[in-house]
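Each chain, written out:
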Amino acid sequence: MESYKQEIDITLRVNGVEYRDQVPAHMTLLQFLKEKLFLTGTKEGCGRGECGACTVIMDGRTVNSCLVLAVEADRSKIRTIEGEAKRGRLTALQKAFIDYGGTQCGFCTPGMIMSGQNLLERNQKPSRDEIVEAIAGNLCRCTGYELIIQAIEAAASKKGK
Ligand code: FES
Ligand code: FES
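Each value, and the rule that gives it
- Residues numbered from 1 in each chain as written.
- Chains lettered and ligands numbered in written order.
- Predicted model: local features only at pLDDT ≥ 70, side-chain atom pairs only at ≥ 80, totals over all residues.
- Axes fitted to C-alpha atoms, helices over the stretch in contact; angles between N-to-C directions.
- Helix = DSSP H or I, 4+ residues; strand = E, 2+ residues; numbered from the N terminus.
- Parallel < 35°, antiparallel > 145°, perpendicular 65-115°, else oblique.
- Left-handed = near helix turned anticlockwise from the far one by under 90°.
- Contact = placed C-beta atoms within 7 Å.
- Buried ≥ 20, exposed ≤ 12 C-beta atoms within 10 Å, placed from the backbone.
- Pairing = 2+ DSSP bridges.
- Domains from an automatic or database assignment.
- Nonpolar A, V, L, I, M, F, W, Y, C, P; charged D, E, K, R; others polar.
- Core = buried A, V, L, I, M, F, W, Y, C linked by C-beta atoms within 7 Å.

**Student:** Help me get a handle on the packing of helix H2 (residues 92–99) against helix H3 (residues 109–122), residues and values and all.
**Tutor:** As a packed pair, H2 and H3 sit with axes 10 Å apart at the nearest point and diverge in direction by 130 degrees. One element, H2, and the other, H3, form an angle in the oblique class. In the crossing of H2 with H3, the sense of the turn from one axis to the other is right-handed. Seen from H2, the contacting residues are Leu-93, Gln-94 and Phe-97; seen from H3, they are Thr-109, Ile-113, Gly-116, Gln-117 and Leu-120.

Next up, the structure:
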């Protein structure tokens with residue numbers, strides 16, 4: 001009989017870097033990012049798929065990393081907020097969040113940026129409704145959403161030029 005294995009081998013790419021590790025079967029992708037890779041930019045709010053603070057991009061689509069097991073992310077490509085700015089240069093979307101006041105306490109911001117960025121990479125000129133839909137799973141207690149929507153619109157208008 002095969003002996004019970006407590007930890008499972010996984011290999012995944014995070015922000016372009018390959019990681020191999022052994023993880024418990026119950027470890028979430030969010031825990032893996034924060035506790036194993038020390039990528040603490042992704043936030044944990046509710047821990048049960050309701051707030052979107054933990055949003056990352058997994059193989060081109062946004063996921064709540066608190067609902068994905070690390071073993072489910074085996075062989076996948078993950079993008080987190082830490083991978084967005086390159087060599088200290090903010091992305092157009094990150095700049096727009098600052099310019100338009102789309103970030104206040106900042107807790108929702110990493111998840112909002114990942115949802116907004118994923119939208120802009122799929123759709124260079126999203127409508128307001130498409131922006132609202134793209135961030136529908138991301139809760140913000142501070143901004144009232146309008147400033148975030150304006151920031152995404154501003155970043156889209158720069159991309160579309
Ligand atoms: S912490 Fe994952 S959805 Fe709230
Ligand atoms: S800026 Fe505070 S929760 Fe969104």
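**Student:** I'd like a rundown of unusual backbone geometry, residues and numbers included.
**Tutor:** Look at Asn-15: it is not a glycine, yet its phi comes out positive at around 50 degrees. Summarising the element assignment, Asn-15 is placed in the loop between strand S1 (7–14) and strand S2 (17–24). For Asn-15, a count of 15 C-beta atoms within 10 Å corresponds to the partly exposed category. The residue Arg-87 is not glycine, and still its phi comes out positive at about 50 degrees. For Arg-87, the position within the fold is in the loop between strand S5 (77–79) and H2.

**Student:** I'd love a proper account of the pairing of S2, names of residues and values included.
**Tutor:** A regular strand places its side chains so that they alternate between the two faces of the sheet. Note that S1 and S2 share eight bridges and pair antiparallel. Looking across to S2, one finds that Arg-13 is bridged to Glu-18. Between S1 and the antiparallel strand that follows it, S2, lie two residues; Asn-15 among them carries a positive phi value of about 50 degrees.

**Student:** Which residues make up the sheet that holds S5, and what are the values?
**Tutor:** Taking strand neighbours across the sheet as the criterion, the five strands line up as S2-S1-S5-S3-S4 in an open arrangement whose pairing is mixed. Each of the sheet's edge strands pairs with one partner strand only, and the pair in question is S2 and strand S4 (61–64). The average undirected angle you get between the axes of adjacent strands in this sheet is 40 degrees. Pairing analysis gives four bridges linking strand S3 (residues 55–58) to S4, with the strands arranged antiparallel. Pairing of Met-58 across the sheet is with Arg-61, part of S4. The strands touched by H3 within the sheet are S3 and S4, with S3 carrying the most contacts at an inclination of about 35 degrees.

**Student:** Please set out the domain arrangement of the chain residue by residue, giving values where relevant.
**Tutor:** Where interface size is given, it is often the accessible area lost as the parts come together that is meant. According to the domain assignment, the chain consists of domain 1 (7–83) and domain 2 (92–159). At the interface, 12 residues of domain 1 touch 11 residues of domain 2. Considering each element in turn, the side of domain 1 that touches domain 2 owes the most residues, three residues, to S3. In terms of residue class, the side of domain 1 that touches domain 2 is made up of six nonpolar, five polar and one charged.

**Student:** Outline the environment of Asp-21, listing residues and values.
**Tutor:** Here Asp-21 lies in strand S2. Look at Asp-21 and you get partly exposed, because 15 C-beta atoms sit within 10 Å. Along the backbone, Asp-21 and Asp-9 are 12 residues apart, and their C-alpha atoms lie at a distance of 5.7 Å. Non-local contacts of Asp-21, meaning those with residues more than four positions away in its chain, are made with Ile-10 and Lys-36.

**Student:** Tell me about the nonpolar core, and please be specific about residues and values.
**Tutor:** Counting residues in each nonpolar core, the largest one holds 38 residues, and the members touching the most others are Leu-29, Ala-73, Leu-93, Ile-152 and Ala-155. Contributions of two or more residues to this core are made by S1, helix H1 (29–36), S3, H2, H3, helix H4 (128–134) and helix H5 (146–159). The residues that make up this core include at least three from each of domain 1 (7–83) and domain 2 (92–159). Ignoring sequence-local partners within four residues, the contact set of Ile-152 consists of Leu-93, Gly-116 and Ile-131.

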